[in-house]
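Chain by chain, the residues run as shown.
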Amino acid sequence: TETSERLQVVFVGHVDHGKSTLLGRLYADTGSLPDGHLEKVRQICARQGKAFEYAFLFDAFLEEQEQGITIDTARTFFNWQNRQYLILDAPGHKEFLKNMVSGAARAEAAVLIIDAQEGVQEQSRRHGYLLSLLGVRQLTVAVNKMDLVEYREAAFDEISRGSRHFLRELNLEPAHVIPVSAREGDNVAKPTRRMPWYGGPTLLESLASFQKLPARSDQPLRFPVQDVYKFDARRIVAGRVETGELRVGDTVVFSPSNKSSVVKSIEAFNAVPPEAVGAGRSTGFTLSEQIFVERGEIASLQEMPPEVCTRFRANVFWMGPNPLSRGAKYRLRLTTAEVEMELEDILTVTDAVTLARITRCDRLERNDVAQVVIKTRKPLALDRFADIDATGRFVIVDGCDIWGGGIVIEPLKDSQEPF
Ligand code: GDP
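Residues numbered from 1 in each chain as written. Predicted model: local features only at pLDDT ≥ 70, side-chain atom pairs only at ≥ 80, totals over all residues.

Engineer: Teacher, can you tell me more about the overall build of the chain here?
Structural biologist: Scanning the chain for helices and strands turns up 7 helices and 23 strands. Counting over 419 residues, the chain shows a buried share of 41%. Of the contacts made within the chain by residues no fewer than 6 positions apart, 71% connect residues no fewer than 24 positions apart. (Helix = DSSP H or I, 4+ residues; strand = E, 2+ residues; numbered from the N terminus. Buried ≥ 20, exposed ≤ 12 C-beta atoms within 10 Å, placed from the backbone. Contact = placed C-beta atoms within 7 Å.)

This is the structure:
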């Protein structure tokens, strides 16, 4: 069958609440495991004298699919009704954050797993908080291990209320809260008769109801300039089409310089020059006029340029060995632009381990997540992460080391004070 689109879903939950089991069950019940895989894992379990576990199934599957992948977040996928589900499974919140802010992963939806016996735990809260920080809006809660509470409605209701309550405080509204048993397969990919009091969708149906975020190719053109090469008398602007499409004949504007010109030709090495280049492709192009553009600028179509500002509100995650101090100077990299920056203000700081609000407001310590105001020495072209993630994320660097990462919440008016 042909797959028309791909949805990226992250699964999170307190350790032992059943994430691996749920994923194993989901892959098995959607027929997504390779032929013989289920049997193989059953045999291995039998040989080792262990009871068969759906969690082993997923772990073994992971090992097979994972080979060669070096990023922290494992990715596996399954197909279901014309859609591919790419499952992001981060070992911990730190890895998850790192991957999200660095662009290695882009979660469009999330499943939060909560144990029906244990209820909302510290880690569940932390995961919910991280999802809200990263702007993941589509969320489903799976209340797992319903078999351990005899499939009772009252037990589910209590957990359901508790989870909705804490998510509301984070401004998150789950699309569904679903009673499941990963072990028995209830309400995962198949509906069950064991909980007649529940009339909502299965977990799989809930995933199917999530919207795909706009594809990179359907977003406005963003072409961060990597370099400008001189060839004979011509200047070739080189870079990658992050989003949208670059076409010969289009008028493009470069931000922040605000110069514009018409795309005269798209260059191709040893091939017929194309009329258009789509998202994800690296290319070079020439302009009708000789205007001066440089690395770090973003080319876009005139009607929908990025924002240009020297101040913006952002959520940052700090990983540096030393604290990130208010007023100190750092380098910020956003696509190909690199500018000097400082923290103007720290609005809220949270300890990612305890989720406790921290009152300290002069610096961020390692593993703090915070909402801040960043000021840059020179104007920067950017987008809100919620609109265009490719040009809405940045990293804070020290030489070659990435010390922090963040996403742009909103641009702010230029500061009256000098930098
Ligand atoms: P993870 O750490 O979140 O990946 O959790 P696992 O999937 O490894 O599951 C932790 C434990 O809970 C294992 O012993 C599972 O067998 C058990 N478990 C997971 N889901 C269920 C369930 O639906 N019912 C019952 N009774 N046990 C479950």
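Engineer: Looking at this structure, I do not really get unusual backbone geometry. What am I missing?
Structural biologist: Backbone phi values are negative for most residues with the exception of glycine, while trans is the configuration of most peptide bonds. Residue Pro256 follows Ser255 across a cis peptide bond; omega there is 10°. Note on placement: Pro256 falls in the loop between strand S10 (251-255) and strand S11 (259-267). At Tyr151, a residue that is not glycine, the phi angle is positive and equals roughly 55°. You can see Tyr151 is positioned in the loop between strand S5 (138-144) and helix H6 (153-169). The backbone of Asn258 shows a phi angle near 70°, a positive value even though the residue is not glycine.

Engineer: Is there a simple way to explain the nonpolar core in this structure?
Structural biologist: One recurring pattern in soluble globular proteins: nonpolar side chains tend to sit buried together. Core analysis: the largest hydrophobic core is formed by 97 residues, its most contacted members being Val9, Ala110, Ala142 and Val143. No other element matches the 7 residues that strand S21 (residues 368-382) contributes to this core. If near-sequence neighbours (up to four positions away) are discounted, Ala110 is found in contact with Val9, Val10, Val12, Leu131, Val136 and Leu139. (Core = buried A, V, L, I, M, F, W, Y, C linked by C-beta atoms within 7 Å.)

Engineer: In this structure, what is going on with the sheet that holds strand S14 (residues 298-301)? I would like to understand it.
Structural biologist: Hydrogen bonds between backbone groups are what pair the strands of a sheet, and the pairing can be parallel or antiparallel. Spatial strand order, S7-S8-S13-S11-S10-S14: 6 strands in a closed barrel with antiparallel pairing. Here the strands of the sheet are splayed against their neighbours by 50° on average, with no regard to which way each runs. By the bridge criterion, 6 bridges tie strand S7 (residues 223-231) to strand S8 (residues 234-240) in an arrangement that is antiparallel. Across the sheet, residue Tyr229 finds its bridge partner in S8, namely Ile236. (Pairing = 2+ DSSP bridges. Axes fitted to C-alpha atoms, helices over the stretch in contact; angles between N-to-C directions.)

Engineer: Quick question: what am I supposed to make of the pairing of strand S6 (residues 176-179) here?
Structural biologist: Each regular strand carries side chains that alternate between the two faces of the sheet. For S5 and S6, the ladder comprises 4 bridges, and the chain directions are parallel. Looking at the pairing, Ala142 lines up with Ile178 of S6.

Engineer: Help me understand helix H1 (residues 19-29) in this model?
Structural biologist: Each turn of an α-helix holds 3.6 residues, which means side chains three or four residues apart point in the same direction. Of all 11 residues making up H1, 10 are buried, and the element is well covered by its neighbours. What H1 keeps buried is the set Lys19, Ser20, Thr21, Leu22, Leu23, Gly24, Arg25, Leu26, Tyr27 and Ala28. Positive phi shows up at Gly31, right after H1, with a value of about 65°.

Engineer: Would you mind going over the site of the ligand with me for this structure?
Structural biologist: If you check the shell around the ligand, you find 17 residues, and the closest are Gly18, Lys19, Ser20, Thr21 and Arg183. Here the residues of the shell around the ligand are counted per class, giving 4 nonpolar, 7 polar and 6 charged. (Near = placed C-beta within 6 Å. Nonpolar A, V, L, I, M, F, W, Y, C, P; charged D, E, K, R; others polar.)

Engineer: Honestly, H6 in this entry has me stumped. Any pointers?
Structural biologist: Taking 1.5 Å of rise per residue, 17 residues should cover 24 Å, and H6 covers 24 Å from first to last C-alpha, within 8% of that figure. Those residues of H6 lying buried are Phe156, Ile159, Ser160, Ser163 and Leu167. Viewed along the axis of H6, the buried residues span an arc of 105°, placing them on a single side of the element. Exposed and facing more than 90 degrees away from the buried side of H6 are Ala154, Arg161, His165, Arg168 and Glu169. Looking one or two places after H6, you find Asn171, whose phi comes out positive at around 70°. (Expected span 1.5 Å × (residues − 1). Arc of directions from axis to C-beta.)

Engineer: Is there a simple way to think about the environment of Ala337 in this case?
Structural biologist: Note on placement: Ala337 falls in strand S18 (residues 337-351). Residues Ala337 and Leu382 lie 45 residues apart in sequence; the distance between their C-alpha atoms is 9.9 Å. Discounting residues that sit within four places of it in the chain, Ala337 has contacts with Gly296 and Leu380.

Engineer: Just to check I follow, could you spell out the environment of Phe317 for this structure?
Structural biologist: Inspection of the secondary structure assignment puts Phe317 in strand S15 (residues 307-318). Between the alpha carbons of Phe317 and Glu39 there is a distance of 43 Å; along the sequence they are 278 residues apart.

Engineer: Sorry if this is basic, but what is going on with the pairing of strand S13 (residues 282-287) here?
Structural biologist: Where S8 meets S13, 4 bridges bridge the pair, whose relative direction is antiparallel. Along S13, the bridge assignment pairs Val237 with Phe285. With 4 bridges connecting them, S11 and S13 associate as antiparallel partners. In the sheet register, Val263 faces S13, and the bridge partner there is Leu287.

Engineer: How do you make sense of the confidence of the model for the chain when you look at a structure like this?
Structural biologist: For residues with low pLDDT, the predicted coordinates do not support detailed interpretation. Counting all residues, the mean pLDDT for the chain is 87, and 89% of those residues have values of 70 or more. Per-residue pLDDT stays below 50 along residues 66-72; that stretch engages in 10 contacts with residues further than four places along the chain or on separate chains. The complex prediction reports pTM at 0.76, with the ipTM value standing at 0.99. (pLDDT = per-residue confidence, 0-100.)

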